[in-house]
Amino acid sequence: MDDIISLLPDHVANQIAAGEVIQRPASVVKELLENAIDAKASEIQLLVNGAGKTNIQVIDNGIGMSINDVRLAFERHATSKIKSADDLFSITSKGFRGEALASIAAISHVQVYTKREVDEMATCLKISGSEVQGQEVSVAPKGTSIAVKNLFYNVPARRNFLKSDKVELRHIIDEFHRVALIHPEVKLTFMNNGSELFELPAVNYRKRIANIFGNKIEEKLIPVEEMTTLAGIEGFIVKPEFAKKSRGQQFFFVNKRYIKSPFLNHAVNSAFQGMLRDQFHPGYFIFIQIDPKTIDINIHPTKTEVKFEEEQNLYAIIKSMVRHSLGMFQATPVLDFERDPSLDIPYGLQQNPPSNLPSVEMDSSFNPFNNHEKGIIKASKNNWESLYSGLEIKNEPDKRDEELKLAFDETPKVFQLLRKFIVTTIRSGLLVIDQQRAHQRVLYEKLLTSITKRDMVSQQLIFPMEIELTNQQIALFGELEANLNAMGFLVKLQDNNLLISGIPAFCNDKQLGQLFEDIFSLIDDHEQVESFSQSDYIAKILSKSLSIKANMTLTVEEQQALVDDLFACKDTLTCPFNRKIFITLDKEELEKKLD
Ligand code: ADP
Ligand code: MG
């Protein structure tokens, strides 16, 4: 019997590989644009005809290729971007698989012009269906121009599978947006069937977003930023009242690469919770820089999905970052818990507020910074103000202002009720805060910050304390040690004992025994606390153990400090265990009750 196995010829292998990398004209656009960026171009032109089915050309002013390199570039697994598998863990370029050009050339007619700075003449290479048709010396400016014609000419099944020109062009525009958004420093133009679709000068992120989505978007953007040891994050969210029914303005970039992440999208959505009408989606442009060693971008041929090592932490950071910015920049959460906790007050109803829109306004005399000017409360570092500013009723602000100021001027600012609640006045009525939950929130955020920033101050104990541990607790301690240290606990194991020689500055030594008991028992309960959520988990336990409890009497200063601290938090609405921290009682409700 004859042998039946044979190696596929290269052009067939390339065609098969092409099926993975090149699904439609937009895939070609993506690959060519990314190659131009990788080649350090400062100017890139994209020319498209027939929705990319007849012609896609990308012209860049980048580093170009040598006569030999341009031949190699179209071989499979030919790349200048990584040399060994180890390099996969520190990728900074867009491409690295060395498959794109080989795939494209397998299923189209390609013509390349390229010239390096050092070369006198350019080279021109023609390839069709993986076969080199010719290479010759030519004249061209520095950089590379690649034209891809008649895509899928030799794969009719694929070609028939393509959608209408309108749909394919939409895909191309999407890819163009993604590259353009993350590279505002590169000048980009896009000609479609001979007419200009985009002309994007080199600018910053904010202006680039405006140049793509229209200048009006600029005033709708709220900046977000968070620098942690895990990742550096910056970007913009779109004010909730301008949320859209489509998801067209949702962009995550990781190390300058566009990614889709339902998980991180969920983080943003949950930060927007209570601020969007049903079926509306938040807009965001979030740029994440993270150590490439902690991510895996090699799990999908088109590389739009990424796996994060510390996915849970990233989730928490993004959520709190967005929530913080929403609070700072007058986007206001729904405060009216009493009416209906599940009621989401639509934001876009501003011009014409329904009569039952909750009106919560700050008692301006409360403002510790006293920078309240007639009807406008400026965002300052204290969220206390910004939390409320967005909900001011615009119809008759001045009159209300005057009346309420008079009514409240001489009243006490805070008092404690039933040794459980802190009550304070706001312009529209009362704010009742659960003291324990408020303090838990304050402590929790403090602890988490110190874990991420590693800047906690410890106080040395005069008499170090020893706690005897079980074997299981000793094993647990090994996992907890680093986080405990980061929080300001000076702890170590000595034989079978836990030796505590220092504690966080805000903790007091009388609480210690109980505290460690809580930590260990709760963690025992939980059996296995995954390391990614461990810091969050410890911060929760500690905030619970260390917080002010019900039945504790607080001085006026302590009450005031607690209120201030609470409204300096990123999330002021719920305690770490997801219970609401305060309720408001406004004039209307009081009147109704007195009816
Ligand atoms: P990859 O980008 O994964 O390396 P490609 O098939 O896209 O694989 O490109 C192969 C190689 O061709 C690149 O590594 C690069 O060296 C070279 N190349 C491709 N496009 C350009 C360009 N526009 N300018 C300069 N070099 C390029
Ligand atoms: Mg590439």
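Residues numbered from 1 in each chain as written. Chains lettered and ligands numbered in written order. Predicted model: local features only at pLDDT ≥ 70, side-chain atom pairs only at ≥ 80, totals over all residues. Heavy atoms only, no water.

A. Region of the structure containing the overall build of the protein chain. When helices and strands are counted, the protein chain shows 17 helices and 22 strands. Buried residues in the protein chain amount to 50% of all 595 residues. Contacts in the protein chain between residues at least 24 apart in sequence constitute 68% of all its contacts with a sequence separation of at least 6. Accessible surface, the protein chain as shown: approximately 29400 Å² in total, 51% of it carbon and sulfur. (Helix = DSSP H or I, 4+ residues; strand = E, 2+ residues; numbered from the N terminus. Buried < 20%, exposed > 50% of the residue type's maximum accessible area, 1.4 Å probe, protein only. Contact = heavy atoms within 4.5 Å. Areas by Shrake-Rupley, 256 points an atom, 1.4 Å probe, with all protein chains shown as cover.)

B. Structural view of the confidence of the model for the protein chain. Averaged over every residue, the pLDDT of the protein chain is 80; the share at 70 or more is 81%. For the stretch residues 526-532, pLDDT sits under 50, and the model shows 7 contacts to residues farther than four places along the chain or on other chains. (pLDDT = per-residue confidence, 0-100.)

C. Spatial organisation of the pattern of salt bridges. Per the stated rule, a full pass over the model turns up 15 salt bridges. The shortest N-O distance in the salt bridge between Arg-116 and Asp-119 comes to 2.8 Å. A salt bridge links Glu-218 to Lys-207; the shortest N-O distance between them is 3.2 Å. In this pair, Glu-218 sits in the loop between α7 (205-213) and β9 (221-227) while Lys-207 sits in helix α7, placing the two residues 11 residues apart along the sequence. Connected through salt bridges with shared partners, the residues Arg-323, Arg-441, Glu-445 and Asp-571 form a single ionic network. (Salt bridge = Lys/Arg side-chain N within 4 Å of Asp/Glu carboxyl O.)

D. Up close: the sheet that holds strand β6 (residues 143-149). Taking strand neighbours across the sheet as the criterion, the 8 strands line up as β5-β4-β3-β6-β2-β1-β7-β8 in an open arrangement whose pairing is mixed. Pairing within the sheet leaves two strands with one partner each, and these edge strands are β5 (131-138) and β8 (195-200). The mean angle between the axes of side-by-side strands here comes to 10°, regardless of whether they run parallel or antiparallel. Pairing of strand β7 (residues 187-192) with β8, which is carried by 5 bridges, proceeds in the antiparallel orientation. Its bridge partner being in β8, Asn-192 is matched across the sheet by Ser-195. Each of β1 (43-49), β2 (55-60) and β6 is contacted by helix α2 (residues 25-38), which is oriented at about 10° to β2, the strand it contacts most. The strands that α7 touches are β7 and β8; relative to β8, the one it contacts most, it runs at about 165°. (Pairing = 2+ DSSP bridges. Axes fitted to C-alpha atoms, helices over the stretch in contact; angles between N-to-C directions.)

E. Molecular detail of the environment of Ala-568. As for its position among the elements, Ala-568 is in the loop between α16 (556-566) and β22 (582-586). Considering only alpha carbons, one finds Ala-568 and Met-328, 240 residues apart in sequence, at a separation of 9.8 Å.

F. Examining a nonpolar patch on the surface more closely. A cluster of nonpolar residues, Met-121, Val-137 and Val-139, forms a patch on the protein surface that exposes about 320 Å² of accessible area. Tracing the backbone shows Val-139 in the loop between β5 and β6. (Patch = residues over 30% accessible without salt bridge, like charges linked within 9 Å, V, L, I, M, F, W, Y side chains within 5 Å.)

G. Region of interest: the nonpolar core. If you look at the biggest cluster of nonpolar residues, it comprises 62 residues, and the most contacted ones within it are Leu-32, Ile-44, Leu-46, Phe-74, Val-148, Phe-190 and Phe-285. Here the element with the most residues in this core is helix α6 (residues 165-182); it accounts for 8 residues. In this structure, Phe-74 is in contact with Leu-101, Ala-102, Ala-105, Val-110, Val-112, Leu-125 and Ile-127, ignoring residues within four places of it in sequence. Counting residues in hydrophobic clusters, the runner-up holds 33 residues, among them Ala-231, Ala-243, Tyr-315 and Ile-318. (Core = buried A, V, L, I, M, F, W, Y, C linked by side-chain atoms within 4.5 Å.)

H. Representation of the sheet that holds strand β20 (residues 490-494) in the model. On the basis of which strands lie adjacent, the open sheet formed by 3 strands has the order β19-β21-β20 and antiparallel pairing. A single partner strand is all that each edge strand has here, and the edge strands are β19 (458-468) and β20. Neighbour-to-neighbour, the strand axes of the sheet open up by a mean angle of 15°, direction not taken into account. As judged from the 5 bridges shared by β20 and strand β21 (residues 497-504), these two strands associate in the antiparallel manner. Pairing of Gln-494 across the sheet is with Asn-497, part of β21.

I. Up close: the packing of α2 against α6. The N-to-C vectors of α2 and α6 enclose an angle of 20°; their axes lie 8 Å apart at closest approach. By the angle class used here, α2 and α6 are roughly parallel. Crossing geometry of α2 relative to α6 is assigned as right-handed. In contact with Pro-25, Ala-26, Val-29, Lys-30, Leu-33 and Ile-37 of α2, α6 contributes Glu-168, His-171, Ile-172, Glu-175, Phe-176 and Val-179. (Parallel < 35°, antiparallel > 145°, perpendicular 65-115°, else oblique. Left-handed = near helix turned anticlockwise from the far one by under 90°.)

J. A look at the site of ligand 1. In the neighbourhood of ligand 1, 18 residues make up the surrounding shell, with Asn-35, Thr-79, Ser-80, Lys-81 and Gly-98 lying closest. Residue Asn-35 places a side-chain N or O atom 2.8 Å away from an oxygen atom belonging to ligand 1. Measuring from an oxygen atom of ligand 1, one finds a backbone N or O atom of Leu-101 at 2.9 Å. Of the residues contributing to the shell around ligand 1, the split by class is 7 nonpolar, 7 polar and 4 charged. (Near = heavy atom within 4 Å. Polar contact = N/O pair within 3.5 Å; in protein donor to acceptor, adjacent residues only side chain to side chain. Nonpolar A, V, L, I, M, F, W, Y, C, P; charged D, E, K, R; others polar.)

K. Structural detail: the packing of aromatic side chains. Applying the stated rule across the entire model yields 15 aromatic pairs. Taking the centre distance of 5.5 Å and the plane angle of 50° together, the rings of Phe-567 and Phe-582 count as tilted. Separated by 15 residues along the polypeptide, Phe-567 in the loop between α16 and β22 and Phe-582 in strand β22 bring together distant segments of the chain. Like Phe-582, Phe-567 is buried. Each residue in the set Tyr-205, Phe-213, Phe-251, Phe-253, Tyr-258, Phe-285 and Phe-287 is aromatic and connected to the rest through ring pairs, giving one cluster. Here the basic side chain of Arg-277 rests over the ring of Phe-280, its NZ or CZ set 4.4 Å away from the ring centre. The ring of Phe-577 is capped by Lys-544, whose NZ or CZ atom sits 5.2 Å from the centre of that ring. (Phe/Tyr/Trp six-rings, centres within 6.5 Å; stacked < 30°, edge-to-face > 60°. Lys NZ or Arg CZ within 6 Å of the ring centre and 35° of its normal.)

L. Expanded view of the environment of Lys-293. In this fold, Lys-293 is placed in the loop between β13 (284-290) and β14 (295-296). Linking Lys-293 and Glu-309, residues 16 residues apart in sequence, is a C-alpha distance of 8.9 Å.

M. Just helix α8 (residues 262-271), in detail. Taken as a whole, α8 has its buried residues at Leu-264, Asn-265, Ala-267, Val-268, Ser-270 and Ala-271. In this structure, the buried residues of α8 make contact with β11 (250-254), β13, β15 (307-308) and α9 (311-328).

N. Expanded view of the pairing of β7. As defined by bridge partners, β1 adjoins β7 across 6 bridges and the pair is classed as parallel. Bridging from a neighbouring strand, Ile-44 pairs with Leu-188 of β7. Connecting β7 to the next strand, β8, in antiparallel fashion are 2 residues, including Asn-193 with a positive phi near 45°.

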